[in-house]
Amino acid sequence: MSDLQTPAGAPGAASDDAPSTATAAANASSAGAGGRSFLPKSTLLRHLLVLALCAVLAVLLLEGTERSTNDQISRIAFYAIAAGGLTLLTGLNGQISLGHGALMAVGAYTTALMLDVDGDPLPLAVIFLVAVAVTAVVGAIVGVAAARLHGPYLAGATLALAVGVPGLTLYFSDTLGGEQGINVRAPRAPDWFVEGIEALSGERGQGTKWLAYIAVACLLISYFLLANLMRSRIGRTWRAVRDQEVAAELAGISLGSWRVLAFVVSAAAAGLAGGVLAIVVRLTAPGSFLPVLSLSLLTAIVIGGLGSLFGALLGSVLLVLLPEWARDFGLEVLDMESAQASQAAFVIYGLLLVATMLFAPAGLVGTVRLALLRRRAARAMSRAGGG
Amino acid sequence: MTRTSRRLVSVLAAATIATTMAACGGDDDSGGGGGGGGGTAEDNEATDPGMTEDSVLIGAHYPLTGPAAPGYSEIPTGVQAYFDFVNANGGVYDRQIEWRYLDDGYNPTNTGQVVNQLVLEDEVFAMMGGLGTATHNAALDLLNSEGVPDLFVASGSSLWDNPEDNPYTFGWQPDYESEGKIIGQYIAENLPDAKVGLFLQDDDFGEDGERGIRQYIDDQIVAAESYTSGNTDLGAQITALQQAGADFVVGFNTPIYTALSQLTALRLNYQPEWFYSNVGSDPQLVGSLLERFSSGAVTGTSLLEGVYTTDYLPTVDEVDNPWVQLFQRVWDESGQEGELTNFRIYGMSQAYTMVQALQAAGRNPTRDDLVAALEQAGGDFEGPALAPFRYSEDRHAGIGGMGVSRIGADGSAEELTGILITDVGDAEIEEYDGEESTPPESGIPDEEAIG
């Protein structure tokens, strides 16, 4: 759907070069290969063009599919937004977080509480912005602690967040609804949208469809912003912090504050993801934000390819669709019991993860990109040899 | 859903009911017969999604994997066994009942997803027995805005009895508040000197139960401790109950926490009398959990001997009960793995009520007809439940009563009271004077079609 990843996304491929030359080289080579030569040179313009293209594709996709698929797309969208933020943190800045599910909970509960008011709630865009801001503040606090930690200690600290935050909702059960959570009043579609969809495809543009459009719009906007950020000076600095701490520090980069910034941006994305989750699921309950959510986000970006937004999206698609495919396959083709089929889905997901780690450690996107780079290099070599 | 669209739905519902009732009136002239309505298989028509000429598709969500799966995942196999039994005997109005249930892992996010799939993709005619309070809560809005009958939610929360906001949702088992009242009255009358401690799950299950029980023995309660589902260390709670001097502990908790509270009390050498509400008291499941948690140090149901509980369905140890005999036969015929358990009896009992509702809805019902049939006739359904349902146009609450019993050495239950019926709020508790129902000869209900 979207191809906004940075060429330096595969960690192994870029880490040997100074980040700026890696980016420049990739740009030049992709233009030279002829595949994307029609794209403008300016990063912003190019991303805008891809954004517009993806928006058109998204509308076609949403209008060309059933409502149940629309709902799946909304679910993919909120996982993908959170995974996009996480891939920036882990892939680009080299910090691990096992607590992004908890940050999603912060965004989701903020959204739910702001929608659950007497009278008309604020416009959804404002609510989402507040959710993003609140989560970013939480992310900053966690980030300050996280910037001092490395590897397993950082994983442990963020895991504590994932375990602790659902407990908070029970402790403050009067405001946060306790175990059964807060029912979210999903916003109704405005008239212009209903009429527009009616004109476009003759369908009812309400409920599931409206939510799917919101979710996809949030996905596209957040990926557009993340992609620009990753290709900017900030993204390059993050990569420098990840790859060469000493060199980066010698170049005058304050490691700690850049790490905190990465955590804040990543948390903001998780907050938006939580907000979308709240309106799509129409409920925020602690059962939705168990530590397993944080772990599945991490597996999604690992399977898709660390550091690549497209990889994060791909991983999220697998996260939502694979268990369903596996279950339906078990139910219909192998004629299993429902319980067995559901358990089989976990097994298949686990096997896929193991297989990815063994045969494609750079993830799906990373592996393809490495193969492309290698072929290009080989061709350049032979051309140089021939000329 | 806003008020206007809700009103629109009810107007539409009323209109469809009126037209179908007129149609049913015509049907009746052709004579009654199998299943209560007229006509033959040739008269079958497809109506709403999921209702075809020869089949009707019913869906549900259960925790088939994850921590809530032990016990609960047996319920849909019981449902399957009973639907198979009905299908083998011709189905309902010559339609085969198809049963499709999916795993939500007890996670509300997944519940939304699987219910979306069931409703939008598989197009079920109705939902039946969706399990869990928080989980089903996530599906409530979708089912009611889509107009899908959402029958017999497997949770005693009072959320399901709200016909004004959720006209398609019906409860089935007794609500926790009524259960609390019945337990409270029993203690007040029979154990007036007991110092009662409450052990509560930290959600509306515990809250509703506490509200009910405090109506009767507020002055006897010396402590109320709650636990969070998922936290397995109960040391603090059980110690607090012990220090408050409670010699009679009432638990509104799930089976896992029955086992954990027993083991924790054993470790602390705390020996009060225990009363577990129906949800957490299944002796077989708790026995097997105890064995597992204690690594075999505690075996069987020995720790549960003398524990008080409540019943609203016959239990698997009542081998002379005609309902249990019927369900045993159905289970054996279904050829599925495992033994008949109380969870499977629960599933079969729900399936029995479902067949009654489908029969009452007539030969070619729409989704709204099914809801109307339950509202009109559901209060008179007789089945395995010990007390009648409270269904009417204004109420969507399920079984209205239960009896208090005590678990014996072999896990069997000895009844201490008759069936007590009551309701939420100030409703009195009364002894149920209706006759105990027996299953029909064929094992399949025979309800008249409404209209």
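Residues numbered from 1 in each chain as written. Chains lettered and ligands numbered in written order. Predicted model: local features only at pLDDT ≥ 70, side-chain atom pairs only at ≥ 80, totals over all residues. Heavy atoms only, no water.

Trainee: Is there a simple way to think about the overall build of chain B in this case?
Mentor: Check the secondary structure of chain B and you find 13 helices and 14 strands. The C-alpha radius of gyration computed for chain B amounts to 22 Å, which stays within 12% of the reference 22 Å derived for 451 residues, consistent with globular compactness. Taking the principal axes of its C-alpha atoms as reference, chain B extends roughly 70 × 50 × 45 Å. Restricting to contacts in chain B with at least 6 residues of sequence separation, those with at least 24 account for 73%. Roughly 16600 Å² of accessible area belongs to chain B as shown, and the carbon and sulfur atoms make up 45% of that amount. Separation between the mean location of the 18 positive side-chain charges and that of the 74 negative ones in chain B comes to 6 Å. (Helix = DSSP H or I, 4+ residues; strand = E, 2+ residues; numbered from the N terminus. Rg over C-alpha atoms; globule rule 2.2 N^0.38 Å. Contact = heavy atoms within 4.5 Å. Areas by Shrake-Rupley, 256 points an atom, 1.4 Å probe, with all protein chains shown as cover. Lys, Arg positive; Asp, Glu negative; His and termini not counted. Charge placed at Lys NZ, Arg CZ, Asp CG, Glu CD.)

Trainee: Help me understand the sheet that holds strand 2 (residues 96-103) of chain B in this model?
Mentor: What links the strands of a sheet is backbone hydrogen bonding, and the strands pair in either a parallel or an antiparallel sense. Residue and element names in this part refer to chain B. Spatially, 2-1-3-4-5 is the arrangement adopted by the five strands of the open sheet, whose pairing is parallel. Every interior strand has two partners, whereas the edge strands, strand 2 and strand 5 (169-171), have only one. On average, each strand axis in the sheet is tilted by 20 degrees relative to the strand beside it, whichever way the strands run. Strand direction decides the pairing type here: strand 4 (residues 150-153) and strand 5, joined by two bridges, are parallel. What sits directly across from Asp150, in strand 5, is Thr169. Contacts from helix 3 (residues 75-88) reach strand 1 (55-62), strand 2 and strand 3 (126-128) within the one sheet, and its direction differs from that of strand 2 by about 165 degrees. (Pairing = 2+ DSSP bridges. Axes fitted to C-alpha atoms, helices over the stretch in contact; angles between N-to-C directions.)

Trainee: How do you make sense of the domain arrangement of chain B when you look at a structure like this?
Mentor: All names here are of chain B. Each assigned domain of chain B is listed here: domain 1 (3-174 + 322-386) and domain 2 (176-311). Taking only C-alpha atoms, the centre of domain 1 and the centre of domain 2 are 33 Å apart. Every contact between the two is made by 14 residues of domain 1 and, on the other side, 13 residues of domain 2. Approximately 930 Å² of surface area, both sides summed, lies buried where domain 1 meets domain 2, with 51% of it carried by carbon and sulfur atoms. Our count for the domain 1 to domain 2 interface comes out at three residue pairs in polar contact (both at pLDDT 80 or more). Tallying contributions element by element places helix 2 (residues 69-72) first for the side of domain 1 that touches domain 2, with three residues. Tallied by class, the residues present in the side of domain 1 that touches domain 2 amount to six nonpolar, eight polar and no charged. (Domains from an automatic or database assignment. Buried area = accessible area lost by both parts, 1.4 Å probe. Polar contact = N/O pair within 3.5 Å; in protein donor to acceptor, adjacent residues only side chain to side chain. Nonpolar A, V, L, I, M, F, W, Y, C, P; charged D, E, K, R; others polar.)

Trainee: Help me understand the pattern of salt bridges, please; the structure alone is not making it clear to me.
Mentor: Note that side chains of opposite charge can pair when their charged atoms are close. Within the structure shown, the criterion is met by 19 salt bridges over all chains. Between Asp328(A) and Arg100(B) there is a salt bridge, and its shortest N-O distance comes to 3.6 Å. With Asp328(A) in helix 15 (residues 309-333) and Arg100(B) in strand 2, this pair bridges two chains. For the pair Asp328(A) and Arg100(B), one class covers both residues: buried. The salt bridge partner of Asp208(B) is Arg211(B), with a shortest N-O separation of 3.1 Å. (Salt bridge = Lys/Arg side-chain N within 4 Å of Asp/Glu carboxyl O. Buried < 20%, exposed > 50% of the residue type's maximum accessible area, 1.4 Å probe, protein only.)

Trainee: What am I meant to see in helix 6 (residues 176-190) of chain B here?
Mentor: Count 3.6 residues to each turn of an α-helix, and residues three or four apart come out pointing the same way. Residue and element names in this part refer to chain B. Between its terminal C-alpha atoms helix 6 stretches 21 Å, which fits the 21 Å expected from 15 residues at 1.5 Å a residue. Most of helix 6 sits out of view: 12 of its 15 residues are buried. Every buried residue of helix 6 is accounted for by Tyr176, Glu177, Ser178, Glu179, Gly180, Lys181, Ile182, Ile183, Gly184, Gln185, Tyr186 and Ile187. (Expected span 1.5 Å × (residues − 1).)

Trainee: Before we go on, may I ask you to explain the nonpolar core in this structure?
Mentor: Counting residues in each nonpolar core, the largest one holds 115 residues, and the members touching the most others are Tyr82(B), Val250(B) and Met354(B). Two domains each donate at least three residues to this core, and these are domain 1 (3-174 + 322-386) and domain 2 (176-311) of chain B. Residues in contact with Tyr82(B), not counting those within four places in the same chain, are Phe327(B), Val330(B), Met348(B), Ala351(B), Tyr352(B), Val355(B), Gly443(B), Ile444(B) and Pro445(B). One finds Ile76(A), Leu89(A), Leu92(A) and Ile253(A) within the second-largest nonpolar core, a separate group that totals 97 residues. (Core = buried A, V, L, I, M, F, W, Y, C linked by side-chain atoms within 4.5 Å.)

Trainee: Any chance you could explain the packing of helix 4 (residues 67-92) of chain A against helix 13 (residues 255-281) of chain A here in plain terms?
Mentor: What describes two packed helices is the angle between their axes and the distance between those same axes. All names here are of chain A. Orientation of helix 4 relative to helix 13, taken along the N-to-C sense of each, is 170 degrees, at an axis distance of 7 Å. With respect to each other, helix 4 and helix 13 are oriented roughly antiparallel. Only Ala262, Phe263, Val265, Ser266, Ala269, Ala270, Leu272, Ala273, Val276, Leu277, Val280 and Val281 of helix 13 make contact with helix 4, whose side of the interface consists of Asp71, Ser74, Arg75, Phe78, Ile81, Ala82, Gly85, Leu86, Leu88 and Leu89. Along the lines of polarity and charge, the residues of the contact of helix 4 with helix 13 split into 17 nonpolar, three polar and two charged. (Parallel < 35°, antiparallel > 145°, perpendicular 65-115°, else oblique.)

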